[in-house]
Amino acid sequence: MERHVRVLAILSRLWGALALVLGASLLLLAAGAAALRGQPSGAVGFAAGLTAAVFGVAGLSALLWGGASVWSGWLLRARAPLGRVLV
């Protein structure tokens with residue numbers, strides 16, 4: 001049983017780390033789209049702003065999800081009751 005809990009905690013932390021990398025990359029894409037927003041053409045500015053907003057929300061969501069997953073894996077490894085609920 002201890003081995004299964006340890007493996008599940010490792011997988012939860014790994015999944016969380018991947019979500020954190022995804023969130024950071026989405027936020028970088030949002031920053032790039034926001035930089036295009038200053039173009040003189042109106043259509044490009046609107047599309048870039050919309051893209052930046054969507055990537056920003058998705059990036060923040062991925063960061064929150066990844067942080068919660070890493071935290072739950074850490075709690076599971078420490079055998080805290082909240083870790084089982086979160087995982």
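Residues numbered from 1 in each chain as written. Predicted model: local features only at pLDDT ≥ 70, side-chain atom pairs only at ≥ 80, totals over all residues. Heavy atoms only, no water.

1. Thoughts on unusual backbone geometry
Move 1: One non-glycine residue, Arg79, lies in the positive phi region at around 65°.
Move 2: The topology assignment puts Arg79 in the loop between α2 (42–77) and α3 (81–86).
Move 3: Arg79 gets classed as partly exposed once you look at its relative accessible area, which sits at 48%. (Helix = DSSP H or I, 4+ residues; strand = E, 2+ residues; numbered from the N terminus. Buried < 20%, exposed > 50% of the residue type's maximum accessible area, 1.4 Å probe, protein only.)

2. Thoughts on the side chain of Ser12
Move 1: Tracing the sequence through the fold places Ser12 in helix α1 (residues 2–36).
Move 2: You can call Ser12 buried: its relative accessible area is 9%.
Move 3: Once residues within four sequence positions are removed from consideration, Ser12 is found in contact with Ser69, Val70, Ser72, Gly73 and Val87. (Contact = heavy atoms within 4.5 Å.)

3. Section: a nonpolar patch on the surface
Move 1: Where nonpolar side chains cluster on the molecular surface, the patch consists of Val7, Leu11, Leu14, Trp15, Leu18 and Trp65 and spans about 690 Å² of accessible area.
Move 2: Of all the elements, α1 adds the most residues to the nonpolar patch, at 5 residues.
Move 3: With respect to the helices, strands and loops of the structure, Trp65 is situated in helix α2.
Move 4: Of the residues examined, Trp65 reaches a relative accessible area of 59% and is grouped as exposed. (Patch = residues over 30% accessible without salt bridge, like charges linked within 9 Å, V, L, I, M, F, W, Y side chains within 5 Å. Areas by Shrake-Rupley, 256 points an atom, 1.4 Å probe, with all protein chains shown as cover. Salt bridge = Lys/Arg side-chain N within 4 Å of Asp/Glu carboxyl O.)

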